[in-house]
Amino acid sequence: MDLAAVKLLAPQIPSLANTAVWHTFGMTPNGDKWDLRTTLTVQVLRSFMTGGGKKPSSIGKVQAATLKDPGVKGKTWVAKATIPAPKESEEGVREAVFGAVDAMAEGQVQYTKPGLVDIGVEWTGYRSEAGANEVMPNISEEERYAKLMAEPTRTSDTTVLYFHGGAYYLCDPASHRAVTSRLAKECNGRVCSVRYRLAPQTAFPAQLLDALMVYLSLIHPPPGSLHTAIPASHIVLGGDSAGGNLVFALLQLLLQLHRTSSNPQILFHGRKVDVPLPAGASANSGWFDIARAMPSIATNTKYDYLPPVNHDDTLSRFPADNIWPANPPRGDLFCDLSLLDHPLVSPLLAADWSGSPPLWFVTGEECLTDEDTVVAARAAKQGVKVWWEQYEAMPHCFGMLIPTLANSGRCMRSWGEFCRKVVEAPSEVQTKGVWISAKGGVEKEVRVQDVASVEDGEVRRLVKDAKERRLRGWEKEGKGMPKPAL
């Protein structure tokens, strides 16, 4: 355990000990659903998310703590690479993204138009023969990639293009190596984990630019790439939480390009390239509503650790530092407030999923459950093949944060199976839904088309109301509205 973890846990030891005693006697609120490890894990995470009663830290300080590289050891291959940005005169990525943002907006929106930058990625694979604490050999990234590709357990052509979670301002591929390595194992393939630009230093749509650029680079590798060309039919988009948001925003962008052209092409490194759809897309506890307007944000707090939302306050809970408030100023860490209900910011508001490749969703009984149910049901009603799983009484991203749970193992195996199946046997993929009990993992079949817990009209009303309250809070704080799109 590192020093930072000790500092985090030390003040909580008396409270954790007290909770352990009460749990032993069956007197904790969720004792009938959770084991002791889950109870203590959620308590620690709640304390971290709310600041533990202390004065909140600045965005920069919290962000920096999540970007530390712990190194690579154990059953994980990592080969680091840089995806080069094309020259401005040799790319149409920005035009494609900005055009879609404007075309899909229902009203006036404001955003800056960032350029493309080189993006780091981590090619990640499962290293079956390594010991638990064994470090990677001291060889070049090219040699590590070759060993990853030669791994005997990599029996599938499946490539997961992965976007990490962290509310768009936290975390990194390094923080998610345990997850991406496990996913590589479960799909018998490899994972390309993306170091996309973080907020608040860079706002939407920079992250969408990064995602599209890396996706195109997998299919059409720039010179000097570690990888050879990967067919889109071998690529599955994957992500957790905010990474799930980016997955579904990228998918919605690709669908928009296909809605406007029968054979969409983009100028990329000086040549026109095709923009096919991937084999599938997946989200683990996807955050599809940046406005955080759905009822489960408040009603499912019993089982979750995510902090409560205050739509009337935009900025004041974060102490100022060198990265926040942003310049030009805006009312949300991720985007201008005018974009909260844009379908490429909040895929919950995307009305059309027709033509999409198969989708995989998993949620607990968490604060984000409502938005996950709405997107899954809407897609299924429109004829998209959807795998839906909901786990009773489980918190946000439980399969990643509490890996010792039997249901966490089931969740990760299902994720890997979906990724592998949409690549290897897409014709066999059919819509299916299941609800899994917290104790015993008892499964109950559900009809995916009926899982939505909020009607479409109510979804729009709630998001619009949350957006208006955020705007009033922004004005109340005396902040000038951001400048028009640059």
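Thresholds applied
- Residues numbered from 1 in each chain as written.
- Predicted model: local features only at pLDDT ≥ 70, side-chain atom pairs only at ≥ 80, totals over all residues.
- Heavy atoms only, no water.
- Helix = DSSP H or I, 4+ residues; strand = E, 2+ residues; numbered from the N terminus.
- Rg over C-alpha atoms; globule rule 2.2 N^0.38 Å.
- Buried < 20%, exposed > 50% of the residue type's maximum accessible area, 1.4 Å probe, protein only.
- Contact = heavy atoms within 4.5 Å.
- Lys, Arg positive; Asp, Glu negative; His and termini not counted.
- Charge placed at Lys NZ, Arg CZ, Asp CG, Glu CD.
- Axes fitted to C-alpha atoms, helices over the stretch in contact; angles between N-to-C directions.
- Parallel < 35°, antiparallel > 145°, perpendicular 65-115°, else oblique.
- Left-handed = near helix turned anticlockwise from the far one by under 90°.
- Nonpolar A, V, L, I, M, F, W, Y, C, P; charged D, E, K, R; others polar.
- Polar contact = N/O pair within 3.5 Å; in protein donor to acceptor, adjacent residues only side chain to side chain.
- Core = buried A, V, L, I, M, F, W, Y, C linked by side-chain atoms within 4.5 Å.
- Salt bridge = Lys/Arg side-chain N within 4 Å of Asp/Glu carboxyl O.
- Pairing = 2+ DSSP bridges.
- Expected span 1.5 Å × (residues − 1).

A.B. asks: Just to check I follow, could you spell out the overall build of the chain for this structure?
C.D. replies: Within the chain, the regular secondary structure consists of 14 helices and twelve strands. Against the globule reference of 23 Å for 486 residues, the chain gives a C-alpha radius of gyration of 22 Å, in line with a compact fold. Dimensions of the chain, computed from C-alpha atoms along their principal axes, come out at roughly 65 × 60 × 45 Å. Across the 486 residues of the chain, 57% fall into the buried class. When contacts within the chain are restricted to residue pairs at least 6 apart in sequence, long-range pairs at least 24 apart make up 80% of them. The average position of the 52 basic charges and that of the 53 acidic charges among the side chains of the chain differ by 3 Å.

A.B. asks: Help me understand the packing of helix α5 (residues 93-104) against helix α8 (residues 206-219), please; the structure alone is not making it clear to me.
C.D. replies: In helix packing, the relevant descriptors are the interaxial angle and the interaxial distance, both defined with respect to the helix axes. Contact geometry for α5 and α8: axes closest at 10 Å, N-to-C directions at 130°. As judged from the angle between their axes, α5 and α8 are oblique. As α5 runs across α8, the sense of the crossing is right-handed. Of the residues in α8, those touching α5 at Val93, Arg94, Val97 and Phe98 are Leu208, Leu209, Leu212 and Leu216. Residue composition of the contact of α5 with α8, by class: seven nonpolar, no polar and one charged.

A.B. asks: Got a minute to help me understand the side chain of His220 in this structure?
C.D. replies: Relative to the helices and strands, His220 is located in the loop between α8 and β5 (235-240). Judged by relative accessible area, which is 14%, His220 ranks as buried. One polar contact links the side chain of His220 to the main-chain carbonyl oxygen of Asp274, over a distance of 3.0 Å. Contacts of His220, omitting those with residues within four sequence positions, involve Phe268, Arg271, Val273 and Asp274.

A.B. asks: Sorry, what's going on with the nonpolar core here?
C.D. replies: What tends to happen in soluble globular proteins is that the nonpolar side chains get buried as a cluster. Membership of the largest hydrophobic core comes to 137 residues, with the highest contact counts inside it found for Trp123, Leu161, Leu250 and Val386. Examining the composition of this core, we find that eleven residues originate from one element, helix α9 (residues 242-260), more than from any other. Tyr169, Leu170, Ile323 and Leu333 belong to the second-largest nonpolar core, a separate cluster that totals ten residues.

A.B. asks: Sorry, what's going on with the pattern of salt bridges here?
C.D. replies: When their charged atoms lie close together, side chains carrying opposite charge are able to pair. Under the defined criterion, the tally for this structure stands at 19 salt bridges. Between Asp69 and Lys80 there is a salt bridge, and its shortest N-O distance comes to 3.3 Å. Taken together, the residues span a long stretch of sequence, with Asp69 in the loop between α4 (59-66) and β1 (76-83) and Lys80 in strand β1 at a distance of eleven residues. A residue is classified by how much of its surface remains accessible, and Lys80, at 38% relative accessible area, is partly exposed. A salt bridge links Arg144 to Glu141; the shortest N-O distance between them is 3.5 Å. A residue pair is termed a helical-turn pair when its members lie 3 or 4 positions apart in one helix, as Arg144 and Glu141 do in helix α6 (residues 141-150) at three residues. Members of the salt-bridge network, linked through shared partners, are Asp69, Lys80, Glu122, Asp172, Arg177 and Arg195.

A.B. asks: Explain the pairing of strand β2 (residues 119-126) to me, please; I cannot follow it from the model alone.
C.D. replies: Successive residues of a regular strand alternate their side chains across the two faces of the sheet. Extensive coverage of β2 is indicated by the burial of eight of its eight residues. On β2, burial covers both faces: Ile119, Val121, Trp123 and Gly125 on one face and Gly120, Glu122, Thr124 and Tyr126 on the other are all buried. As paired elements, β1 and β2 share eight bridges and run antiparallel to each other. Within β2, the position partnered with Ile83 by the bridge is Ile119. Pairing geometry for β2 and strand β4 (residues 190-195), over five bridges, is antiparallel. Each residue of the ladder has a partner; that of Val121, found in β4, is Val194.

A.B. asks: Sorry if this is basic, but what is going on with α9 here?
C.D. replies: Along an α-helix, residues three or four apart share an orientation, since each turn contains 3.6 residues. Under the 1.5 Å per step criterion, the end-to-end length of α9 is 27 Å for 19 residues, consistent within 8% with the ideal 27 Å. Burial of α9 is extensive: 16 of the 19 residues sit out of reach of the surface.

A.B. asks: Explanation requested: the sheet that holds strand β11 (residues 432-436) in the structure shown.
C.D. replies: Spatially, ten strands are ordered β1-β2-β4-β3-β5-β8-β9-β10-β11-β12 in an open sheet, and the strand pairing comes out mixed. Every interior strand has two partners, whereas the edge strands, β1 and β12 (443-446), have only one. Each neighbouring strand pair of the sheet contributes to a mean axis angle of 20°, computed without reference to strand direction. Bridge count between strand β3 (residues 159-163) and β5: five bridges; the pairing is parallel. Its bridge partner lying in β5, Val160 is registered against Val236. Most of the contacts of α6 go to β1, to which it runs at about 125°, and overall it touches β1, β2 and β4. Against the sheet, helix α13 (residues 406-424) engages β3, β5, β8 (280-284), β9 (359-363), β10 (386-391), β11 and β12, with an angle of about 175° to β10.

A.B. asks: What is the right way to look at unusual backbone geometry in this model?
C.D. replies: Note on backbone geometry: most residues besides glycine have negative phi, and most peptide bonds are trans. Each neighbour pair has its own omega, and for Ala199 with Pro200 the value is 0°, a cis peptide bond. Mapping Pro200 onto the fold places it in the loop between β4 and α8. The omega torsion across Trp324 and Pro325 is 5°, close enough to zero to call that bond cis. Even without glycine at this site, Cys171 takes up a positive phi of about 75°. Looking at the element boundaries, Cys171 is found in the loop between β3 and α7 (177-187). Exposure remark for Cys171: the relative accessible area of 16% places this residue in the buried category. With a phi close to 55°, His269 is a non-glycine residue in the positive phi region. With respect to the helices, strands and loops of the structure, His269 is situated in the loop between β6 (265-268) and β7 (271-274). Look at His269 and you get partly exposed, because its relative accessible area is 25%.

By themselves, these observations are geometric and do not establish any function.
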